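# Coordinate inspection notes
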Amino acid sequence: MLSTDALEAGLAGCSLAARVQVYRETASTNDLAMRLGGEGAPHGTLVFAEAQTAGRGRLGRRWESAPGLGLWFSLVLRPAFPEALRPRLTLCAAVGAARGIEAAGGGGVPVGVKWPNDLQIGGRKIAGILLESRSGADGFVVAGIGINVNHDVGDFPETLRGIAGSLRLGFGRPFAREEIACGVVRSLETAFAAAEHGFAAIVEECERRSVLLGRAVELRAGEERIAGIATGIDPETGALVLRGDDGGHRRVGFGEVTVIGR
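This write-up is about the structure you can find in this document. Keep in mind the model is a prediction, meaning the values are calculated, not measured. Here, residues in each chain are numbered from 1, in the same order as that chain's written sequence. Residue-level local features of this predicted model are given only where pLDDT is at least 70; pairs of side-chain atoms are given and counted only at 80 or more, and the full residue set underlies all totals for whole chains, interfaces and linings. Excluded from the side-chain calculations are hydrogens and water; all other atoms, namely the structure's heavy atoms, are used.

### Here's the deal with the sheet that holds strand 3 (residues 70-77)
Heads up, the rule is: Two strands form a pair only when DSSP identifies at least two bridges running between them. Counting from the N terminus, the helices are the DSSP runs of H or I reaching at least four residues and the strands are the DSSP runs of E reaching at least two. A fitted line through C-alpha atoms serves as each axis, taken over the contacting stretch for helices, and the angle formed by two N-to-C directions is quoted from 0 to 180°. Only heavy atoms enter the contact rule, under which two residues are in contact if any of them lie within 4.5 Å.
Spatially, seven strands are ordered 1-2-3-7-6-5-4 in an open sheet, and the strand pairing comes out mixed. Each of the sheet's edge strands pairs with one partner strand only, and the pair in question is strand 1 (19-23) and strand 4 (112-114). When the angles between neighbouring strand axes are averaged without regard to direction, this sheet yields 20°. As defined by bridge partners, strand 2 (residues 45-49) adjoins strand 3 across five bridges and the pair is classed as antiparallel. The residue bridging threonine 45 from the neighbouring strand is valine 76, located in strand 3. The strands touched by helix 3 (residues 88-105) within the sheet are strand 3, strand 4, strand 5 (118-121), strand 6 (124-134) and strand 7 (140-148), with strand 6 carrying the most contacts at an inclination of about 140°.

### Side note on the pairing of strand 2
To keep things clear, this is the line we draw: Each residue's exposure class comes from its accessible area (1.4 Å probe, protein chains only) as a fraction of the maximum for that residue type: buried when under 20%, exposed when over 50%, partly exposed otherwise. Handedness rule for crossovers: strands pointing away from the viewer, path from the first strand over the helix to the second running clockwise, crossover right-handed.
For strand 2, the tally of buried residues reaches five of five residues, placing the bulk of the element in the interior. Of the two faces of strand 2, both are covered, the one formed by Thr45, Val47 and Ala49 as well as the one formed by Leu46 and Phe48. As a crossover connection, the stretch from strand 1 through helix 2 (residues 29-38) into strand 2 is right-handed.

### Here's the deal with the environment of arginine 24
Looking at the element boundaries, arginine 24 is found in the loop between strand 1 and helix 2. Counting along the chain gives 84 residues from arginine 24 to glycine 108, while the straight-line C-alpha distance between them is 33 Å. Beyond its immediate stretch of four places on either side in the chain, arginine 24 contacts Met1, Glu50 and Ala51.

### A look at the nonpolar core
Applicable threshold: The criterion is simple. A nonpolar core is a set of buried Ala, Val, Leu, Ile, Met, Phe, Trp, Tyr and Cys residues joined through side-chain atoms within 4.5 Å.
Counting 68 residues, the largest nonpolar core has Phe48, Phe73, Leu119, Ile147, Leu167 and Phe192 as its most contacted members. Ala33, Val76, Phe140 and Val142 belong to the second largest nonpolar core, which has five residues in total.

### Concerning the layout of surface pockets
Note the threshold: Cavities and pockets are found on a 1 Å grid laid over the protein atoms alone: a cavity is a set of points where a 1.4 Å probe fits but cannot escape, a pocket is an open set with protein on both sides within 12 Å along at least five of seven lines, and a lining residue has an atom within 4 Å of such a point. Grid points are joined across faces, edges and corners, and a volume is the space filled by probe spheres set on the points. Amino acid classes used here: Ala, Val, Leu, Ile, Met, Phe, Trp, Tyr, Cys and Pro are nonpolar; Asp, Glu, Lys and Arg are charged; the rest, including Gly, are polar.
Considering only enclosed or pocket space, the second largest pocket measures out at about 450 Å³ in volume. Forming the boundary of the second largest pocket are 21 residues, of which Pro87, Thr90, Leu131, Gly253 and Phe254 lie nearest the centre. If you list the elements that add at least two residues to the lining of the second largest pocket, you get helix 3 and strand 6. Element by element, the count of residues in the lining of the second largest pocket is highest for strand 6, at five residues. Broken down by class, the residue content of the lining of the second largest pocket amounts to eleven nonpolar, six polar and four charged.

### Observations concerning the side chain of threonine 29
With respect to the helices and strands, the residue threonine 29 is situated in helix 2. What makes threonine 29 buried here is its relative accessible area of 3%. If sequence neighbours within four positions are ignored, threonine 29 has contacts with Val47, Phe48, Ala49, Gln52, Trp72, Phe73 and Ser74.

### Overview of the environment of threonine 258
Considering the arrangement of structural elements, one finds threonine 258 in strand 12 (residues 256-259). For threonine 258, a relative accessible area of 43% translates into the label partly exposed. Residues threonine 258 and histidine 151, 107 residues apart in the sequence, show an inter-C-alpha distance of 25 Å. Sequence-distant contacts of threonine 258, defined by excluding residues within four places in its chain, comprise Ala216, Val217 and Glu218.

In short, geometric facts, not functional conclusions.
Rendered as structure tokens:
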């Protein structure tokens with residue numbers, strides 16, 4: 001079981017850890033954090049769960065949340081900047097989590113970003129990010145992050161063993177989950193602060209870490225499918241920039257990306 005005392009000690013003074021709660025099991029930390037946010041929970045309410053029975057990623061996909069092996073947590077954020085800038089938080093979260101993982105791992109193993117919200121090591125997905133929000137005067141954002149920490153290959157469902165990874169597999173050793181959690185949350189604090197002032201630097205780092213740029217991809221945005229070469233990320237919005245067969249460029253702000261060429 002994650003130690004609340006260790007988390008609170010490791011995150012002392014961090015604005016994203018104003019209130020730390022650890023649950024043995026919940027349906028989804030994002031659902032729980034959304035409820036808490038609606039009840040007035042303050043900025044920096046941080047919710048962990050040892051296991052999720054209905055964890056999910058983008059597009060409603062199920063997130064496998066094996067108990068005791070990974071980190072599944074959600075943050076209640078009440079940004080002071082305009083709502084129009086909230087979409088930037090997804091890339092800020094991706095870059096912040098990547099930085100925190102690398103630092104906790106001691107370096108030497110690069111963490112890649114698959115726009116807009118997945119992290120990879122060696123081409124295998126090791127983390128996913130899901131942001132949800134509520135608008136209005138009492139609006140807020142919930143940032144949910146799942147990180148595969150101490151999984152071995154056999155810990156994943158058979159259908160995922162060819163694409164899923166973990167920090168243990170990537171760095172070649174097990175980790176204390178509290179150490180990873182504290183490192184990532186502190187890194188997120190710095191990255192989120194750049195959403196309003198400093199977002200261009202976040203985009204530049206995301207481009208350096210990108211596993212998509214220069215590759216042929218297909219992006220599904222709702223019912224629309226868009227194919228092209230991923231050439232960059234828009235420095236204002238964080239949208240993915242695609243070059244089509246006609247040489248024109250298109251910016252797409254959301255969607256599911258599949259690599260279709262090298």
